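# Per-entry structural report
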Amino acid sequence: MNTSVRLIAAFALLTVTFSVSAPSWQDNSHYVALGPRTGYYIVRPRSSLSDQLGIDGAPTVDTADPFNHGYGADALAFRFSRASILSAPPAYIVQATPNQFYTQRLGSFIRGQSRLSDVEGFFGQPQSIERRPDGFVAYYSIQVYNSFENLGGGRK
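For the structure given in this document, a descriptive report is provided here.

What follows covers the pairing of strand β2 (residues 39-43). A regular strand carries its side chains on alternate faces of the sheet. The buried count for β2 comes to 5 of 5 residues, which makes it a mostly enclosed element. Side chains of β2 alternate between two faces, with G39, Y41 and V43 and Y40 and I42 buried alike. Looking at chain direction, strand β1 (residues 30-33) and β2 are connected through 4 bridges and run antiparallel. Residue pairing for β2: H30 is matched across the bridge by I42. What sits between the antiparallel neighbours β1 and β2 is a turn of 5 residues. Taken together, the 3 bridges between β2 and strand β4 (residues 91-93) define a ladder with parallel strand orientation.

Laid out in structure tokens, this is it:
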């Protein structure tokens, strides 16, 4: 009897541990086509699309982390050629619902024509740049707050 109670308790603990570490979103990463050379990706952090696009280095911070109390960071990623021309659709790495302010601006960039200076005109200097053999990826961090992820943290 005592052994079965311990086994059930261990199983319950493992179940809770794995469910807490699971992402708090479903992976619905996708491409939003706006025209022949305009569009953008909506990408969930650590998703398969994020891996395919090579943007796992985006400066995101998980709002579900209990130490962040609902605060985190989404990111924008822009891939440029060595000549600083946008070579791929931009990506919006977002944990919850995408912000229309950013999606509208991402839709204005034209692949093969927009330059780094155009992006900087909207968003300023990139927070980080990742060098690649064919160019670079410029990242912008967006501070976010998700009240549903806030576990209280002693605040009233």
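Back to the text.
In this fold, R44 is placed in the loop between β2 and α2 (48-53). A distance of 3.4 Å separates a polar atom in the side chain of R44 from the backbone oxygen of Q95.

Another aspect to go through is the pattern of salt bridges. Tallied over the entire structure, the rule returns 1 salt bridge. Across the pair R132 and E130 runs a salt bridge whose closest N-O atoms are separated by 2.5 Å. Exposure remark for R132: the relative accessible area of 19% places this residue in the buried category. Classification of E130 by relative accessible area gives partly exposed; the value is 26%.

All right, on to unusual backbone geometry then. Positive phi, normally seen in glycine, also occurs at R46, with a value near 60 degrees. Counting through the fold element by element, R46 comes out in the loop between β2 and α2. For S84, which is not glycine, the phi dihedral falls at a positive 65 degrees.

All right, on to helix α4 (residues 116-123) then. Three or more residues of α4 are buried, namely L116, V119 and F123. Along the axis of α4, the buried residues cluster in a sector spanning 65 degrees; they form a single face. Each element contacted by the buried residues of α4 is listed here: β3 (71-81), α3 (100-106) and β6 (135-145). Immediately beyond the C-terminal end of α4, within one or two residues, lies G124, with a positive phi of roughly 80 degrees.

With that out of the way, let us pick up the layout of surface pockets. Remark: the empty space left among the atoms is shown by a probe the size of a water molecule rolled over them. Roughly 160 Å³ of internal volume is contained in the largest pocket. Every residue lining the largest pocket is counted, 14 residues in all, and those nearest its centre are D74, V94, A96, T97 and V144. At 4 residues, the largest contribution of residues to the lining of the largest pocket is made by β6.

Here we take up the sheet that holds β1. Read from one edge of the open sheet, 6 strands run β1-β2-β4-β3-β6-β5, paired in mixed fashion. Lying at the two open borders of the sheet, with one neighbouring strand each, are β1 and β5 (128-132). Ignoring which end each strand starts from, the neighbouring axes of this sheet average 20 degrees apart. Here α4 sits on the sheet and contacts β3 and β6; the angle it forms with β3, its principal contact strand, is near 160 degrees.

Quick notes on the rules
- Residues numbered from 1 in each chain as written.
- Predicted model: local features only at pLDDT ≥ 70, side-chain atom pairs only at ≥ 80, totals over all residues.
- Heavy atoms only, no water.
- Buried < 20%, exposed > 50% of the residue type's maximum accessible area, 1.4 Å probe, protein only.
- Helix = DSSP H or I, 4+ residues; strand = E, 2+ residues; numbered from the N terminus.
- Pairing = 2+ DSSP bridges.
- Polar contact = N/O pair within 3.5 Å; in protein donor to acceptor, adjacent residues only side chain to side chain.
- Salt bridge = Lys/Arg side-chain N within 4 Å of Asp/Glu carboxyl O.
- Arc of directions from axis to C-beta.
- Contact = heavy atoms within 4.5 Å.
- 1 Å grid on protein atoms, 1.4 Å probe; cavity = no way out; pocket = protein on both sides within 12 Å on 5 of 7 lines; lining within 4 Å.
- Points joined across faces, edges and corners; volume = space filled by probe spheres on them.
- Axes fitted to C-alpha atoms, helices over the stretch in contact; angles between N-to-C directions.

Shape descriptors only; they carry no functional weight alone.
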